[in-house]
Amino acid sequence: MVNKIVVLGSINLDSILKIERLPQAGETLSMLDKSSAPGGKGANQAVAAARAGGANTAFIGRIGKDDAGDILKNTLQKEKIDVSQLVVDSTHGTGQAYILLQATTGQNSILVYGGANQCLTGDDVKAAQSLIKAADFLICQFETPIDVTIQAFTYAHQLGVKTILNPAPAVKTLPAELLAVTDLICPNETEAQALTGIAITNQDSMQQAAASFARQGCPRTIITVGDRGAYVSDQQQNLEQFVAAFKVKAVDTTAAGDTFIGALTASLQPDFSDLVEATTFANRASSLAVQKLGAQPSIPTLEQVQAALNRG
Ligand code: RIB
């Protein structure tokens, strides 16, 4: 069975600025190269879910009335993602991200112009209610207004639609009502530390962070820790396990986390019974994403992930 997945979130046009190293204050550096690609955490997660799990993915978001918006919408349509609730905003331009990609390590630093993403409203959620109602999973991040995420999650949760929160980019506090309607929170180590105040240094600290999220009402946590893998905790199944990453050479880590979340959700049972297996699948998908340049161009298909898993 193919999961029905709705992603509510951001959609950006990424400018990828390839550099040797980050400039210091007052310094001017030449870039090694520059290019652009479709991105945005929400759109990346929708593309990852669609490529890893078939066509049953829908995206709720906002673009501007501009060329970038048209390009990004076409990209989603080519992936057979339902864009019926992708609204064209008349006041702000399409979101843009500037990715400083360090050539030697593949690490990135990102500057984001939210633009139309920040204009998403509660009325957009209301207009998308029939999409959310029919879904198995609803995924949100923090590049769109948090009150809109709370509204969407509250609606989904009361209908039994499973909610997955990627708290990225990092914030220091979460409104209490959000974790109470979140079925799975999936931060990276920086985000987990920002939210809990616990330094994520080893499995004990990950367990403490997961316990903190559980006390606040969210029973499941996955903490991704880059090229080391992901820590999985489900208080309802009494499950706690570290799932190691696949070792590869990264050329660009942009959208590795987004690929993880989309692929995880595509392969996950809606009752979360295969959380560890889905995490292995998601680890494999993100290990492929980091080997290619750009956000959405780097996201693998189901066939590519399966072939890589068969290779071991
Ligand atoms: O997670 C990667 C994404 O973050 C990029 O595609 C960029 O658009 C920013 O939203």
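Our structure's up above, just so we're on the same page.
These lines cover the structure that appears in this document, whether it is placed above or below.

The rules we used
Residues numbered from 1 in each chain as written. Predicted model: local features only at pLDDT ≥ 70, side-chain atom pairs only at ≥ 80, totals over all residues. Heavy atoms only, no water. Helix = DSSP H or I, 4+ residues; strand = E, 2+ residues; numbered from the N terminus. Buried < 20%, exposed > 50% of the residue type's maximum accessible area, 1.4 Å probe, protein only. Contact = heavy atoms within 4.5 Å. Lys, Arg positive; Asp, Glu negative; His and termini not counted. Charge placed at Lys NZ, Arg CZ, Asp CG, Glu CD. Near = heavy atom within 4 Å. Polar contact = N/O pair within 3.5 Å; in protein donor to acceptor, adjacent residues only side chain to side chain. Areas by Shrake-Rupley, 256 points an atom, 1.4 Å probe, with all protein chains shown as cover. Nonpolar A, V, L, I, M, F, W, Y, C, P; charged D, E, K, R; others polar. Pairing = 2+ DSSP bridges. Axes fitted to C-alpha atoms, helices over the stretch in contact; angles between N-to-C directions. Expected span 1.5 Å × (residues − 1). Disulfide = S-S within 2.5 Å. Salt bridge = Lys/Arg side-chain N within 4 Å of Asp/Glu carboxyl O.

### With respect to the overall build of the protein
Phase 1: Along the protein, the regular secondary structure elements total 11 helices and 13 strands.
Phase 2: Expressed as a percentage of the 312 residues in the protein, the buried residues total 55%.
Phase 3: Counting contacts in the protein only where the partners sit at least 6 residues apart, residues at least 24 apart contribute 68% of the total.
Phase 4: When the 23 positive and 29 negative side-chain charges of the protein are each reduced to one mean point, those points stand 3 Å apart.

### Quick look at the site of the ligand
Phase 1: All residues adjacent to the ligand are Asn12, Asp14, Gly39, Gly40, Lys41, Asn44, Ala97, Ile110, Glu143, Ala255, Asp258 and Ala295.
Phase 2: Within the side chain of Asn44, an N or O atom sits 3.0 Å from an oxygen atom of the ligand.
Phase 3: Side-chain polar atom of Glu143 to an oxygen atom of the ligand: 2.8 Å apart, as the coordinates give it.
Phase 4: Relative to its free-state accessible area of 280 Å², the ligand is covered by the protein chains to the extent of 96%.
Phase 5: At the level of elements, strand E2 (12-19) and helix H1 (41-53) are the ones that each hand at least two residues to the shell around the ligand.
Phase 6: In terms of residue class, the shell around the ligand is built from four nonpolar, four polar and four charged.

### Things to note about the sheet that holds strand E10 (residues 184-185)
Phase 1: Ordered in space as E5-E4-E1-E8-E9-E10-E11-E12-E13, the nine strands form an open sheet in which the pairing is mixed. Of all the strands in the sheet, the pair left with one neighbour each is strand E5 (82-89) and strand E13 (239-244).
Phase 2: Where strand E11 (residues 220-224) and strand E12 (residues 229-234) come together, five bridges link them in antiparallel fashion. Looking at the pairing, Thr224 lines up with Ala230 of E12.
Phase 3: Strand contacts of H1: strand E1 (5-8), strand E4 (57-64) and strand E8 (137-140), with the helix running at about 155° to E4, the strand carrying the most contacts.

### Overview of the sheet that holds E2
Phase 1: Strand order in the open sheet formed by four strands is E3-E2-E6-E7, and the pairing between neighbours is mixed. Two strands in the sheet have a free side with no partner beyond their single neighbour: strand E3 (33-39) and strand E7 (108-113). Mean inter-strand twist for the sheet, computed between neighbouring axes without regard to direction, equals 20°.
Phase 2: Inspection of the sheet shows E2 paired to E3 by seven bridges, in the antiparallel sense. Residue Leu13 lies in a different strand from E3, and its bridge partner there is Pro38.

### As for H1
Phase 1: For H1, which comprises 13 residues, the first-to-last C-alpha distance of 18 Å matches the rise-based estimate of 18 Å (1.5 Å per residue) to within 8%.
Phase 2: Summarising burial for H1: 11 of the 13 residues are buried, a large majority.
Phase 3: Of the residues flanking the end of H1, it is Gly54, one or two places downstream, whose phi is positive at about 105°.

### A short note on the environment of Gln118
Phase 1: Assignment of secondary structure puts Gln118 in the loop between E7 and helix H3 (122-127).
Phase 2: Sequence spacing of Gln118 and Ile261 is 143 residues, and the spatial spacing of their C-alpha atoms is 22 Å.
Phase 3: Sequence-distant contacts of Gln118, defined by excluding residues within four places in its chain, comprise Glu143, Thr144 and Pro145.
Phase 4: There is a polar contact of 3.2 Å between the side chain of Gln118 and the backbone oxygen of Glu143.

### Some points on the state of the cysteines
Phase 1: Counted under the stated rule, the structure contains zero disulfides.
Phase 2: The thiol sulfur of Cys186 is not disulfide-bonded, and the nearest other cysteine sulfur, from Cys218, lies at 10 Å.
Phase 3: Among the residues examined, Cys186 registers a relative accessible area of 2% and is labelled buried.

### Structural notes on the pattern of salt bridges
Phase 1: Taken as a whole, this structure holds seven salt bridges when the rule is applied.
Phase 2: A salt bridge links Asp124 to Arg62, with the shortest nitrogen-to-oxygen separation between them at 2.8 Å. Remark: Arg62 occurs in strand E4 and Asp124 occurs in helix H3; sequence separation between them is 62 residues. Here the two residues Asp124 and Arg62 agree in accessibility, since each one is buried.
Phase 3: In this structure, Arg220 and Asp234 form a salt bridge, with 3.1 Å as the shortest nitrogen-oxygen distance. Of the two residues, Arg220 is situated in strand E11 and Asp234 in strand E12; the sequence distance between them amounts to 14 residues. This pair shows no difference in class: Arg220 is buried, exactly as Asp234 is.
Phase 4: It is possible to trace a salt-bridge network through shared partners that takes in Arg62, Asp89 and Asp124.

### Comments concerning the environment of Glu189
Phase 1: By secondary structure assignment, the location of Glu189 is in helix H7 (residues 189-196).
Phase 2: The partly exposed category is assigned to Glu189, whose relative accessible area is 22%.
Phase 3: Along the backbone, Glu189 and Ala199 are 10 residues apart, and their C-alpha atoms lie at a distance of 8.4 Å.
Phase 4: If we ignore the near neighbours within four places in the chain, the residues touching Glu189 are Ile200, Ile223, Thr224, Val225, Gly226 and Arg228.

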